[in-house]
Amino acid sequence: MNKSLVSLFTARSCIVGLMSIFALTAGVARGQTQVEPDTALRMLNAQQQQFQRGVVKVSDNVFTAVGFHGANTSMIVGTDGVIIVDTLFGPASASNAAEAFRQHSDKPVKAIIYTHSHGDHTGGAGAFVSDERPDIYATETFGSAEGVNKAVNPVKQKRNVRQFGRKLSAAESTNRGVAPAGTIDRDRGEGFLPPTITVPSGGLKTTIAGVELEFHLAPGETDDALFVWLPKEKILFAGDNFYNSFPNLYAIRGTAYRDVLNWSETVAKMAALKPHAVVPGHTMPIRGRQAATTALEDYSEAIRSVYDQTVRGINAGKGPDQLAHEVKLPEHLKDKPYLIQFYGTVPHAVRAIYSGLLGWYDGNPTTLNPLEPRTKAKKMAELAGGTQALTAQMEAALAKQDYQWALELADHAKWLADADRELARKVKIAALRGLAAREYNAPDRNYYLSYANELETGQLSELWF
Ligand SMILES: [Zn+2]
């Protein structure tokens, strides 16, 4: 591990220490990724170093460009050419990385490898090549990842903008957990080159430009993923099954179930190779045999633990709401720098595992046919002693910084014809901003802020869908 990474990790260990103290002294119920505003901001600023723009020399012949867009791109230098692993989002960002690579080698590109089909890894391929026609490697199922739920693209696009904070002001913007904010996105996918060589399901061993390579199928974040192993250099390119954050086992922009158990097993396979360096799909490479191997072992164990705890809870008859609060990362893993919940969160993962294994129904007959929201809101108002009393409770919750409860009461108030809906909307906006300020999980923070802005500028319907 290099010096700057050591100091980064030390700084972040202190921050994690602070975080636990604040969590203990907090007066109201808070989520697992909620801390005091100063701490949240300091943590997110520290995480920023994980995607500081620059080319990292991973070994004598391996270079990784970090921070040129959201994801990483790497160059492996061989005898008579280079191999590019992942190609960023579009030609603009990719050509900046290609230019930076040329400081280290100007040999022609012999091959391009896509670790998986997400646009932030595939859209800039054309920028790395001029006249040469490189072989382009991907798995047999390449492209299957996002195909299943295209029917709901209109809403997925809105949620994507919120998760990544694409429309936040500079003052509101921090980062995306494993990627910087403010990437160049106007040329999405314009440099995509289709795969020409399919990696069979059993994997592939080959030599390109004198470099020995192995391709291993790696279902996890997507089913169409692979990882690349250089047996001589002992360097592993993990794609998005590993990066420096608790993994995004579920994306709040809306995705089909990501097979969590497969993900854990894939990372265990990577760890078993005992790499001397692991190059993630996002964030800084981890160098050194022990550091890289331990990180992968811990990562696999963390995913497996969340899965096992959830499954045990399910079999004990617990529902997703309860389990999302109960399941935690094991004590010996929770403060590891690569497992802090900057991108994925444990509660979201628990809900994803629940619905992935059992569907939406929690097994409780009360929830088989619950009340329609408007009816429930009326009954909640009656219980509170009338709409005015419910409104007073909503305002009191906001004043006490009990933001989640304020949101839930605002959501009841919005259905009540005799409620001051404008007030409820204002309370919701303030509560979302209150939550956002305390949130160090970047997608949640970005989502809260984006939604608050949409409410404030009247972009959402009267009932805030
Ligand atoms: Zn990615």
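Each remark here, short or long, concerns the structure printed above.
Comments concerning unusual backbone geometry
The phi dihedral of Asp86 falls on the positive side, at around 70°, and the residue is not glycine. With respect to the helices and strands, Asp86 occurs in the loop between strand E4 (82–85) and helix H3 (91–102). Asp86 sits in the buried class, given a relative accessible area of 3%. Despite not being glycine, Ala209 shows a phi value in the positive range, around 50°. Along the chain, the position of Ala209 falls in the loop between strand E8 (204–208) and strand E9 (211–217).

Structural notes on the nonpolar core
Judged by nonpolar contacts, the single largest core of 40 residues is most densely connected at Phe242, Phe246, Val278, Tyr299, Val306 and Leu339. Elements that contribute at least two residues to this core include exactly strand E10 (226–230), strand E11 (235–239), helix H6 (260–272), helix H7 (289–315) and helix H9 (346–358). The element that contributes the greatest number of residues to this core is H7, accounting for nine residues. Those residues in contact with Val278 that sit more than four places away from it in its chain are Leu236, Ala238, Phe242, Pro285, Ile286, Ala292 and Leu296. The next biggest cluster of nonpolar side chains, apart from the first, holds 32 residues, and it includes Ala381, Ala413, Val427 and Ile429.

Details of the coordination of the zinc ion
Within the protein, the atoms that donate to the zinc ion are Asp120 (OD), His121 (NE2), Asp240 (OD) and His282 (NE2), at distances of 2.1 to 2.4 Å. Around the zinc ion sit four donor atoms; with metal-centred angles ranging over 87 to 166°, the donor geometry is irregular. Each donor residue of the zinc ion lies on the same chain, and together they follow the pattern D-H-x118-D-x41-H. Here His282 lies in the loop between strand E12 (277–280) and strand E13 (286–287) and Asp240 lies in the loop between E11 and H6, a separation of 42 residues in the sequence. Comparing Asp240 with His282, the two get one shared label, buried.

With respect to the side chain of Ser450
Residue position: Ser450 is located in helix H14 (residues 442–456). Excluding its chain neighbours within four sequence positions, the residues that come into contact with Ser450 are Val161, Arg162, Gly165 and Leu168.

As for the sheet that holds strand E6 (residues 135–139)
Here seven strands make up an open sheet; going across it, the order is E1-E2-E3-E4-E5-E6-E7 and the pairing mixed. Every other strand in the sheet has two partners, leaving strand E1 (54–59) and strand E7 (197–199) as the edge strands with one partner each. Pairs of neighbouring strands in the sheet enclose a mean axial angle of 20°, with direction left out of account. Bridge count between E1 and strand E2 (residues 62–66): five bridges; the pairing is antiparallel. Bridge pairing links Val55 to Ala65 in E2.

Reading guide: rules and limits
Residues numbered from 1 in each chain as written. Predicted model: local features only at pLDDT ≥ 70, side-chain atom pairs only at ≥ 80, totals over all residues. Heavy atoms only, no water. Helix = DSSP H or I, 4+ residues; strand = E, 2+ residues; numbered from the N terminus. Buried < 20%, exposed > 50% of the residue type's maximum accessible area, 1.4 Å probe, protein only. Core = buried A, V, L, I, M, F, W, Y, C linked by side-chain atoms within 4.5 Å. Contact = heavy atoms within 4.5 Å. Donors = N, O, S within 2.8 Å, 3.2 Å for Na, K, Ca; no water. Tetrahedral: all angles 85-135°; square planar, octahedral: opposite > 155°, others 65-115°. Pairing = 2+ DSSP bridges. Axes fitted to C-alpha atoms, helices over the stretch in contact; angles between N-to-C directions.

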